[in-house]
Amino acid sequence: MNTIQHWIDGTAVSGTDTAAVFDPATGQEQARVALGGPDVVDTAVSAAERAFESWSESSLTQRTQVMFAFRQLLVDHEDELGRIISAEHGKTVADARGEITRGREVVEFACGLGDVLKGSFSDQVSRGIDVHNFRQPIGVVAGITPFNFPAMVPLWMHPIAIATGNTFILKPSERDPSAANFVAELYRRAGLPDGVFNVVHGGKDAVDAILAHPGIAAVSFVGSTPIAKYVHEQATSHGKRVQALGGAKNHAVVLPDADLEFAANHITAGAYGSAGERCMAVSVAVAVGDAADGLVEVLSRKAREVKVGPGHIADVEMGPLITKVAQERVENAVATAAEQGATVVVDGRGLKIEGHEDGFFTGPSLLDHVTTEMDAYRDELFGPVLAIVRVDTLDDAIAVINANPYGNGTALFTASGEAARRFQRNVKVGMIGVNVPVPVPMSYYSFGGWKDSLIGDSPIHGPEGIRFYTRPKVVTTRWPRPAQQVAAGFNFPTSS
């Protein structure tokens with residue numbers, strides 16, 4: 001059986017402990033992954049520190065040339081990488097290729113850093129004195145990433161970190177680790193020097209070692225809110241910069257003037273795509289007034305039409321969940337919702353796929369008459385369950401969203417510009433879609449929610465990514481003529 005190794009300083013590094021990697025479509029173990037701890041993390045940091053000495057002094061041209069080559073390799077190998085992701089995560093190959101495409105957009109943003117990194121210059125701020133500023137890399141940085149996007153989420157981090165002159169250590173999820181090693185090989189082929197990009201596999205031991213290591217200057221994290229809070233607390237206590245993105249409970253509001261077929265099409269895809277294992281998944285549809293009955297009718301029909309099966313089959317729309325534990329958690333949540341008074345309109349529990357009876361499959365579930373006190377509303381289920389909450393007015397819908405502890409993404413389906421403007425100004429959420437169910441920003445904007453969806457104040461990629469991976473310098477200069485005498489003063493300097 002294949003063992004997925006660490007990737008440090010341009011070579012595979014074995015480990016003593018390993019863990020199973022499953023095929024979610026069959027439920028069978030398909031590989032082992034090495035598990036690292038403090039020793040492996042320290043080895044990776046030492047390699048990254050050595051590489052930083054030269055990489056941080058490399059030209060911007062050299063760095064962007066690597067990014068251009070890396071970007072083309074992602075294009076050339078998109079299908080292969082997509083199949084690697086599908087085999088370990090369970091999502092469809094088409095969905096995996098979609099996440100690669102969105103991640104590649106950050107690489108394209110990194111290819112254009114020559115313009116973004118330009119500083120500013122102020123001439124003659126005082127007599128004979130000029131001021132300019134520029135940004136420099138901060139050193140060895142690390143990313144701790146979740147299972148649900150094994151390519152895209154790391155790509156939100158390392159292209160910007162590397163293009164700005166840092167070296168990077170990636171700790172991916174041990175549930176689907178192969179994508180990280182594949183990306184490391186693409187970087188090698190793109191001409192990235194050894195030690196600039198490293199991969200350490202592992203669980204909590206590896207995470208804790210990263211958070212405490214004095215050689216790591218910054219940590220980026222995407223995952224659940226409790227772990228995001230832990231990462232932020234531990235890393236900041238060790239003097240590190242931290243990006244910590246947490247969980248979500250994303251609402252899609254449907255007004256009576258919305259095209260219900262259009263809204264239901266997009267909400268269905270947003271709720272059940274990737275089996276709901278997305279931090280931007282639509283998990284709550286808020287039906288306003290007269291929209292409710294019609295919306296539930298259309299959503300019910302569309303949920304039953306979703307084709308579920310192994311991710312490598314071309315016409316499949318939704319694959320299995322990542323683990324047996326995840327499958328059981330989601331199906332138990334549907335049962336609990338029924339016990340608490342929700343109407344189970346579509347029940348996805350107990351789904352068996354012929355030839356894959358041991359796979360971690362559950363079908364789409366649709367719950368109506370859900371209240372904000374129910375577990376199905378309050379918990380981040382991270383599965384293909386869509387809850388319908390009924391309210392009377394748009395302002396009631398906004399109040400529901402604002403009372404929720406999460407503030408990652410939200411959407412409004414309407415034909416009214418006034419309603420859309422009121423919604424986007426009044427909801428306390430970081431990313432908003434109008435007739436767009438999954439409003440993930442383009443790479444030249446930054447990704448990040450509000451409230452418990454973002455711990456601290458550092459969103460990811462785009463302008464905030466540049467700021468996070470660099471620090472500024474401001475230089476004040478004077479070049480007097482040789483014969484010119486400039487008096488020095490003991491008072492605090494002022495401009496004149």
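The rules behind each value
- Residues numbered from 1 in each chain as written.
- Predicted model: local features only at pLDDT ≥ 70, side-chain atom pairs only at ≥ 80, totals over all residues.
- Heavy atoms only, no water.
- Helix = DSSP H or I, 4+ residues; strand = E, 2+ residues; numbered from the N terminus.
- Rg over C-alpha atoms; globule rule 2.2 N^0.38 Å.
- Buried < 20%, exposed > 50% of the residue type's maximum accessible area, 1.4 Å probe, protein only.
- Areas by Shrake-Rupley, 256 points an atom, 1.4 Å probe, with all protein chains shown as cover.
- Phe/Tyr/Trp six-rings, centres within 6.5 Å; stacked < 30°, edge-to-face > 60°.
- Axes fitted to C-alpha atoms, helices over the stretch in contact; angles between N-to-C directions.
- Parallel < 35°, antiparallel > 145°, perpendicular 65-115°, else oblique.
- Left-handed = near helix turned anticlockwise from the far one by under 90°.
- Contact = heavy atoms within 4.5 Å.
- Nonpolar A, V, L, I, M, F, W, Y, C, P; charged D, E, K, R; others polar.
- Pairing = 2+ DSSP bridges.
- Patch = residues over 30% accessible without salt bridge, like charges linked within 9 Å, V, L, I, M, F, W, Y side chains within 5 Å.
- Salt bridge = Lys/Arg side-chain N within 4 Å of Asp/Glu carboxyl O.
- Core = buried A, V, L, I, M, F, W, Y, C linked by side-chain atoms within 4.5 Å.
- Polar contact = N/O pair within 3.5 Å; in protein donor to acceptor, adjacent residues only side chain to side chain.
- Lys, Arg positive; Asp, Glu negative; His and termini not counted.
- Charge placed at Lys NZ, Arg CZ, Asp CG, Glu CD.

(A) Here's a closer look at the overall build of the protein chain. Looking only at helices and strands, one finds 16 helices and 23 strands in the protein chain. Against the 2.2 N^0.38 benchmark of 23 Å for 496 residues, the protein chain shows a C-alpha radius of gyration of 25 Å, consistent with a compact globule. With the principal axes as the frame, the protein chain shows a C-alpha extent of 90 × 60 × 40 Å. Within the span of the protein chain, comprising 496 residues, buried residues form 56% of the whole. Element-wise, carbon and sulfur atoms account for 50% of the exposed surface of the protein chain, whose accessible area totals about 20700 Å².

(B) Representation of the packing of aromatic side chains in the model. Throughout the structure, instances matching the rule amount to 8 aromatic pairs. Look at Phe-70 and Tyr-187: their rings are 3.9 Å apart centre to centre, the planes differ by 10°, and that puts the pair in the stacked class. Remark: Tyr-187 occurs in helix H7 (residues 178–190) and Phe-70 occurs in helix H2 (residues 60–76); sequence separation between them is 117 residues. Measuring from ring centre to ring centre gives 4.5 Å for Trp-156 and Phe-447, while their planes differ by 35°; the resulting arrangement is tilted. One end of the pair, Trp-156, is in helix H6 (residues 152–163); the other, Phe-447, is in the loop between strand S20 (431–434) and strand S21 (450–451), with 291 residues separating them in the sequence. The residues Trp-156 and Phe-447 share a single accessibility class, namely buried. An aromatic cluster of at least three residues, connected via ring pairs, comprises Phe-70, Phe-168, Tyr-187 and Phe-197.

(C) Geometry of the packing of helix H4 (residues 93–111) against H6. Relative orientation of the contacting elements H4 and H6 amounts to 15°, with a least axis distance of 8 Å. Classed by the angle they form, the pair H4 and H6 counts as roughly parallel. Relative to H6, H4 is oriented so that their crossing is right-handed. Note on element contacts: H6 touches H4 through Met-152, Leu-155, Trp-156, Pro-159, Ile-160 and Ala-163, opposite Glu-99, Ile-100, Arg-102, Gly-103, Arg-104, Val-106, Val-107, Phe-109 and Ala-110. Across the contact of H4 with H6, the residue classes tally to 11 nonpolar, 1 polar and 3 charged.

(D) Local environment of the sheet that holds strand S1 (residues 3–4). Strand order across the open sheet formed by 3 strands is S1-S5-S4, with mixed pairing between neighbours. On the outer flanks of this sheet lie S1 and strand S4 (17–23), each paired with one strand and no other. With 2 bridges joining them, S1 and strand S5 (residues 28–35) adopt parallel strand pairing. In the sheet register, Ile-4 faces S5, and the bridge partner there is Val-33. Contacts from helix H3 (residues 78–89) reach S1, S4 and S5, with the element oriented near 95° to S4.

(E) Fine view of a nonpolar patch on the surface. Together, Met-442, Tyr-444 and Tyr-445 make up an exposed nonpolar region whose accessible area comes to about 340 Å². Note that Tyr-444 resides in the loop between S20 and S21. On the accessibility criterion, Tyr-444 (47% relative accessible area) is partly exposed.

(F) Structural view of the packing of helix H10 (residues 260–272) against helix H11 (residues 291–305). Running from N to C, H10 and H11 point in directions that differ by 55°, and their axes come no closer than 9 Å. Compared by their axis directions, H10 and H11 come out oblique. Considering how the two elements wind past one another, H10 and H11 form a crossing that is right-handed. Taking contact as the criterion, the partners of Leu-260, Glu-261, Ala-264, Asn-265, Ile-267, Thr-268 and Tyr-272 in H10 are, on H11, Ala-291, Gly-294, Leu-295, Val-298, Leu-299, Arg-301, Lys-302 and Ala-303. Along the lines of polarity and charge, the residues of the contact of H10 with H11 split into 9 nonpolar, 3 polar and 3 charged.

(G) Local environment of the nonpolar core. Formed by 67 residues in total, the largest nonpolar core has its most connected members in Val-253, Ile-267 and Leu-386. The biggest single contributor to this core is H11, with 7 residues. When residues no more than four places from it in sequence are discounted, the contact partners of Ile-267 are Ala-252, Val-254, Val-282, Leu-299, Leu-386 and Phe-413. Residues Trp-156, Leu-245, Phe-447 and Phe-468 belong to the second largest nonpolar core, which totals 58 residues.

(H) Here's a closer look at the environment of Ser-453. With respect to the secondary-structure elements, Ser-453 resides in the loop between S21 and strand S22 (454–455). C-alpha separation for the pair Ser-453 and Gly-409, spaced 44 residues apart in sequence, amounts to 9.2 Å. In this structure, Ser-453 is in contact with Leu-245, Gly-246, Gly-247, Ala-248, Tyr-406, Gly-407 and Asn-408, ignoring residues within four places of it in sequence. At 2.7 Å, the side chain of Ser-453 and the backbone oxygen of Gly-247 are in polar contact.

(I) View of a negative patch on the surface. The grouping of Asp-39, Asp-42, Glu-49 and Glu-53 at the surface amounts to a negative patch. Mapping Asp-39 onto the fold places it in helix H1 (residues 38–55).

(J) Representation of unusual backbone geometry within the structure. Within the chain, Phe-382 stands out as a residue other than glycine whose phi angle is a positive 55°. With respect to the helices and strands, Phe-382 occurs in the loop between helix H13 (375–378) and strand S17 (385–391). Unlike most non-glycine residues, Asn-435 shows phi in positive territory, near 60°. Residue position: Asn-435 is located in the loop between S20 and S21.

(K) Representation of the side chain of Asn-166 in the model. With respect to the helices and strands, Asn-166 occurs in the loop between H6 and strand S9 (167–171). Here Asn-166 falls in the buried class, since its relative accessible area comes to 0%. Within the structure, Asn-166 has its side chain in polar contact with the side chain of Thr-164 (distance 3.0 Å). Excluding its chain neighbours within four sequence positions, the residues that come into contact with Asn-166 are Phe-52, Trp-55, Pro-137, Ile-138, Gly-139, Val-141, Ala-161, Val-196 and Tyr-469.

(L) The pattern of salt bridges, seen in detail. Using the criterion set out here, one finds 26 salt bridges in the structure. Taking the shortest distance from any N to any O, the salt bridge between Arg-83 and Asp-79 comes out at 3.1 Å. One end of the pair, Arg-83, and the other, Asp-79, are both in helix H3, 4 residues apart, so they sit about a helical turn from each other. Accessibility expressed as a relative area gives 43% for Arg-83, which makes it partly exposed. Exposure remark for Asp-79: the relative accessible area of 31% places this residue in the partly exposed category. Across the salt bridge formed by Arg-301 and Glu-261, the nearest N and O atoms sit 2.5 Å from each other. One end of the pair, Arg-301, is in helix H11; the other, Glu-261, is in helix H10, and 40 residues separate them in sequence. Beyond isolated ion pairs, a larger network of salt bridges with shared partners links Arg-71, Glu-78, Asp-79, Arg-83, Arg-97, Arg-104 and Glu-108.

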